[in-house]
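# Analysis of the macromolecular model
One-letter residues, chain by chain:
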Amino acid sequence: MTNASGHRESPDRDESTLADTVLLDVDGTLIDSTYFHALAWIRAFAAHDLAPDWWRVHRTVGMGGDLLVGEVCGRDVEDRLGDELRADWADRYRQLLPEVRVFPRARTLIDQLQQAGHRVALASSGAEEFTEAALRMLGMTGDELAAVTSSEDVDRSKPEPDILATALQRAGGAGAVVVGDTVWDVESANRLGARCVAVRSGGFSEAELTAAGAVEVVDDVGELATRHWLL
């Protein structure tokens, strides 16, 4: 079902099924970093004489870095160079961090959710140091959230549900709504059995996110901060 603005709405639910926890993705959702990650990967690949298409790299940002190399360049490259490429990507992304910005009203959304009594957790597939950098951009510390997770906390990254399940458990929640920007976030939420509200700010289309199973798609988290959406 869609509303007057054309966005897909969540179906009616009994009170007992309402989520008490909101799990927020970070890259492409709270901070405008997707294309910086893609650039860092492109430069890391180029340093090893690899030249995957930009679009293919972009489409895999949001998938865990442990899976991205094989997805983009094949299993042979992962076996030979995976760890080296990931280290090179991290170095190059660090150099780009000063250019990364928080999406407008991202902090406002977090504050609104907490004031409404929801547990709020960050559930990122990114490295811990970059999740910490995102928190600094938001003007927050991990202690101000119910939980903060990163790739170091689980063995399997998105689209597996482990990151989300760990964040939900640490937050002490009974049920979750996920906010993410990629089909990998939506698939991860689906595997957890949680609804996913998707934002287009990571570069995926509304049609793709809806087809993946998002219950609602909006432009960005700033739009979520302007209206009632958590049903």
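See above for the structure.
## Re the environment of D220
Looking at the secondary structure, you find D220 in the loop between strand 6 (216-218) and helix 10 (221-224). In sequence terms D220 and R105 are 115 residues apart; their C-alpha atoms lie 9.3 Å from each other. Residues within four places of D220 in sequence aside, it is in contact with V199 and S201. There is a polar contact of 3.1 Å between the side chain of D220 and the backbone nitrogen of G222. At a separation of 3.0 Å, a polar atom in the side chain of D220 contacts the main-chain amide nitrogen of E223.

## Points about the nonpolar core
By size, the foremost hydrophobic cluster in this structure holds 54 residues, and its most contacted members are L30, F45, L85, Y93 and W229. Among all residues touching L85, those that are not within four sequence positions of it are W41, A44, F45, H48, L50, V69 and V77. M63, V154, V186 and V217 belong to the second-largest nonpolar core, a separate cluster that totals 24 residues.

## Observations concerning the pairing of strand 1 (residues 21-24)
Where burial is concerned, the two faces of strand 1 agree: the one with T21 and L23 and the one with V22 and L24 are both buried. In this sheet, strand 2 (residues 119-123) lies alongside strand 1 in parallel orientation, the contact comprising four bridges. Note on strand 2: the bridge partner recorded for V22 is V120. As paired strands, strand 1 and strand 4 (residues 176-180) are joined by four bridges and run parallel to one another. Residue pairing across strands places T21 opposite A176, the latter belonging to strand 4.

## Side note on helix 4 (residues 75-96)
The largest bend along helix 4 measures about 75° and falls at L81. Listing the buried residues of helix 4 in full gives V77, E78, L81, G82, L85, R86, D88, W89, A90, Y93 and L96. Where the residues of helix 4 are buried, they touch helix 1 (34-46), helix 3 (65-73) and helix 6 (128-138).

Thresholds, definitions, all that
- Residues numbered from 1 in each chain as written.
- Predicted model: local features only at pLDDT ≥ 70, side-chain atom pairs only at ≥ 80, totals over all residues.
- Heavy atoms only, no water.
- Helix = DSSP H or I, 4+ residues; strand = E, 2+ residues; numbered from the N terminus.
- Contact = heavy atoms within 4.5 Å.
- Polar contact = N/O pair within 3.5 Å; in protein donor to acceptor, adjacent residues only side chain to side chain.
- Core = buried A, V, L, I, M, F, W, Y, C linked by side-chain atoms within 4.5 Å.
- Buried < 20%, exposed > 50% of the residue type's maximum accessible area, 1.4 Å probe, protein only.
- Pairing = 2+ DSSP bridges.
- Bend = angle between axes of the 7 residues up to and from the residue.

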